[in-house]
Amino acid sequence: MDRSATQQPPVDHTESLDWLEGIHDEKALEWVRKQNAVTEGELYDANFEATAQRIQQVLDATDKIPMVTKRGEYYYNFWRDADHRLGVWRRTDWQSYRSSNPRWQVLIDFDDYARNQEQDWHFAGAQLLRPGAGEPYRRALIRMSPDGGDQVMIREFDLASLEFVPDGFELPVAKTSVSWVDEDTILVASATNEQDTTRSTYARCTRRLKRGQQLAAAETIFEVDVEHVGGWAHFDSTPGFERIVTTDAIDFYNSVTGVIWDDTHQIIKVPTDVRVLLHRQWVLFAPQTDWNQQGTVVPAGALAITELSSFLDSGDPGTLVFTPDEHTSLESFSFTAGHLLITLLRDVASEVQVVDLDSGFASSTLPVQGDFLSVSVSAVDDEDEQAGEDYWMTVTGFTQPTTLLRGRVGEQAEVIKRSPERFDSAGLSVTQHFAVSADGTRVPYFQVADEQLVLDGKNPVLMDGYGGFQVSLTPGYSPSLGTAWLNRRTAQGRRAVYVLTNIRGGGEYGPKWHRAALQQNRHRAYEDFAAIAEDLVARKVTSRSHLAATGRSNGGLLMGNMITGYPQLFGAISCGVPLLDMKRYTRLSAGHSWIAEYGDPEIPEQWEYVRTFSPLHRLDDQPHPAQDYPKSLIWTTTTDDRVGPVQARKMAARMLEKGISSTRYHEPEDGGHAGSTDNASTARMLATSYEFLWRAIQ
């Protein structure tokens, strides 16, 4: 950015709001309670309660698909409904699971556990200890959050007695990852104290913890620099391939992977922006930028595979099993016993390739029926003698309820479960469109609307966006969206319209699409979103007074930049768990870990461009008349330990200071970065946003 020698830097008026940074400070909380009262007083009426109830009904439905993970002979599932607020962790066998009414064995009832502990604990996952050959699984490490945040407590659980193990492994609440080594040993990476924590608030060292040993006394086997995002190590217990795999996450897109064999730590030497993944004898490489290795170019976004021993010996990256083009990108992959299943996005629609690992990496396509669908595939259990070539396939679309299939490579997949329709989709049409952004780039978006849509600019439209961290937004069946938005009608009988945007910064077209909006180029994501808004108006789908937008987290930053940079385009905005103070974001919660995405405001040259997309500062740097801003709901939770509530508080307070009286703020206590802890709180969180937006654009 050019700046003349005589021009003075903009004045920072935001320091007067620093008192809101005391997350649990009584003065700050009193301000929060006051704002909550205003928002709830306006929104929480009979219509709101009806919306929240409809959402909770679909969330509590007992005929949802219980997605499972196979371990040994059992299929494990976590389940919440109206009778299980905190949920149950349970399991069943295959014949029972595929029936219409499976018989579940409840392992942990978290509502009962909360009553016994006199505190709510929210299930955050389980890690099972691999048993000996022919033996059943007997032990698990259970992750539990006290408030829905990223910090968890870990306790050892006995799968035979269905009790937590007395004097078993137990780790206090922190940002922690664990991995079984054997029955009496685990690897622990935990941010339990300042010494063990990076500036990004994640663990920086991994210890080998023996049963009965204090964590502080455990041997450190791996550690990273405090300035890095984090350092982790996990034990790969695959028979014949036992090893410790280390990850030094330098930043969000640069890392170093290593393997510890017999106490020897061997680094896999590739550029730090090449993602490295290990599976049995294989190593896979997914570079973020073009990688020239010994005369072989592995393009950005491609996937190469070879045997680890071969790479360590020769440095040859092996065979390219996927090469991107301008329409196609790599989404995910999974191994069966003898095949690699690769999910691709072709203009944001899913495609699945099957790569034969035993036949020179020959590739074929797995049939997918239908348009504008998302498909994901994953192995059922690649080590099981009977099910080694089996895979799960889930298929979903905006108006197509999720279907779960199970197939075997080379055979037709069988439908196992279908989710019922949760909202009336009759007469809805899904179409894909492309807007032209400020620099000429074509940007795709999906539109879900009445097939008889009248193009006169009067339709209520909700745009949704994210645009960061190489995250792709793809079609999917959302009962909450359907019942709370798509089934709404105006007084004139018009159906609500939903638009899902695929702006740069995301991963819809691979790493180049993402990198196009990094750091100093961040505005391209915002220009893309604005271009789609303008395209909707140009096509006469809607107009400014009927156009709403929503986004969370990085999508909340997107919304903040719509409020401050493009207020003329929107009638209403919902800005959730957002980044908004880009001057201070690296000092708040986990913000330091996102420098690779946004830039470092501590470096003056970088603050020059970061300031231009810091919504809190744009309010002063690029002010608009107060009445020109869209009606805005800014919301978060007190217990969000990833982004934190501070940025949302300061933005709302500054907007109110500037006389933008249509600003509303909401901050419930629990919910973490997800914004909710159970189905009831999820329903109220969603209803708050939908009701605010709907009322604002009528």
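Up top is the structure.
Within any chain, residue numbers begin from 1 and follow the written order of that chain's sequence. Only residues with pLDDT of at least 70 get local features here, since the model is predicted, and only at 80 or more are side-chain atom pairs given and counted; chain-wide, interface and lining totals rely on the full set of residues. Hydrogen atoms and water are omitted, and side-chain values are computed over all heavy atoms in the structure.

Participant: Please provide a residue-by-residue account of the overall build of the chain, values included.
Facilitator: A count of helical and extended segments in the chain gives 14 helices and 39 strands. Here the C-alpha coordinates of the chain stretch approximately 70 × 60 × 60 Å along the principal axes. Expressed as a percentage of contacts within the chain between residues at least 6 apart in sequence, the contacts between residues at least 24 apart total 57%. Note on areas: these come from Shrake-Rupley sampling with a 1.4 Å probe, and a residue is covered only by the protein chains present in the view. Taken as a whole, the chain presents about 28600 Å² of accessible surface, with 45% of it coming from carbon and sulfur. Helix and strand assignments come from DSSP, with helices taken as H or I runs of at least 4 residues and strands as E runs of at least 2, each series counted from the N terminus. What makes two residues a contact is simply this: any of their non-hydrogen atoms within 4.5 Å.

Participant: Which residues make up the nonpolar core, and what values do they have?
Facilitator: Nonpolar side chains in soluble globular proteins tend to be buried together. Counting 107 residues, the largest nonpolar core has Met-463, Trp-485 and Phe-570 as its most contacted members. Here the element with the most residues in this core is helix H14 (residues 679–696); it accounts for nine residues. Filtering out sequence-adjacent residues up to four positions away, Phe-570 remains in contact with Met-463, Phe-529, Ala-533, Arg-544, Leu-547, Ala-549, Met-562 and Pro-630. The criterion is simple. A nonpolar core is a set of buried Ala, Val, Leu, Ile, Met, Phe, Trp, Tyr and Cys residues joined through side-chain atoms within 4.5 Å. In this scheme, a residue with accessible area under 20% of its type's maximum is buried, one over 50% is exposed, and one in between is partly exposed, where area comes from a 1.4 Å probe on protein chains only. Among the nonpolar cores identified, the runner-up in size contains 19 residues, and Leu-86, Ile-108, Ala-114 and Phe-164 belong to it.

Participant: Could you give an account of the sheet that holds strand S31 (residues 414–418), with specific residues and numbers?
Facilitator: Paired strands, as defined in this entry, are two strands with at least two bridges between them according to DSSP. Spatial ordering of the open sheet is given by S28-S29-S30-S31, a layout of four strands whose pairing is antiparallel. Two strands in the sheet have a free side with no partner beyond their single neighbour: strand S28 (373–379) and S31. The mean inter-strand angle of the sheet, taken between neighbouring strand axes irrespective of direction, is 25 degrees. Two elements, strand S29 (residues 390–397) and strand S30 (residues 403–408), share six bridges in a ladder whose sense is antiparallel. When the bridges of S30 are listed, Thr-394 appears paired with Leu-404. Geometry is summarised by axes, namely lines fitted to C-alpha atoms with helices restricted to the contacting stretch, and by angles between N-to-C directions that run from 0 to 180 degrees.

Participant: Describe in detail the environment of Leu-588, supporting the description with residues and values.
Facilitator: Mapped onto the fold, Leu-588 is located in the loop between strand S37 (572–576) and helix H10 (595–598). In sequence terms Leu-588 and His-84 are 504 residues apart; their C-alpha atoms lie 35 Å from each other. Not counting residues up to four positions away in its chain, the partners in contact with Leu-588 are Glu-21, Val-646 and Gln-647.

Participant: Tell me what's going on with the pairing of strand S25 (residues 339–346), and back it up with residues and numbers.
Facilitator: Where burial is concerned, most of S25 is hidden: seven out of the eight residues are buried. Taken together, the seven bridges between strand S24 (residues 328–335) and S25 define a ladder with antiparallel strand orientation. Within the sheet, the bridge partner assigned to Phe-333 lies in S25 and is Ile-342. Counted along the chain from S24 to the antiparallel partner S25, the turn is three residues long. Pairing geometry for S25 and strand S26 (residues 349–356), over eight bridges, is antiparallel. When the bridges of S26 are listed, Leu-340 appears paired with Val-355. Joining the antiparallel neighbours S25 and S26 is a turn of two residues, in which Asp-347 adopts a positive phi near 50 degrees.

Participant: Tell me what's going on with the side chain of Thr-637, and back it up with residues and numbers.
Facilitator: Along the polypeptide, Thr-637 turns up in the loop between strand S38 (631–635) and helix H13 (646–657). Residue Thr-637 is classed as buried on the basis of its relative accessible area, which comes to 0%. Of note is the side chain of Thr-637, whose polar atom sits 3.2 Å from the backbone nitrogen of Asp-640. Setting aside residues no more than four positions away along its own chain, Thr-637 makes contact with Val-577, Pro-645, Glu-667, Pro-668, Glu-669, Asp-670, Gly-671, Gly-672 and Gly-675. Identification of polar contacts relies on pairs of N or O atoms within 3.5 Å, with a donor-acceptor requirement for protein atoms, meaning one able to donate a hydrogen and the other able to accept it, and with residues adjacent in sequence counted only if both atoms are side-chain atoms.

Participant: Lay out the sheet that holds strand S22 (residues 303–307) with the relevant residues and their values.
Facilitator: The pairing of strands in a sheet comes from backbone hydrogen bonds and takes either a parallel or an antiparallel form. Taken in spatial order, the four strands line up as S18-S19-S22-S23 in an open sheet, and their pairing is antiparallel. The open sheet is flanked by strand S18 (274–279) and strand S23 (319–322), the only strands paired with a single partner. Sheet twist, expressed as the mean angle between neighbouring strand axes with direction ignored, is 30 degrees. The sheet contact formed by S22 and S23 spans three bridges and is antiparallel. If you follow Ile-305 over to S23, its bridge partner there is Thr-319.

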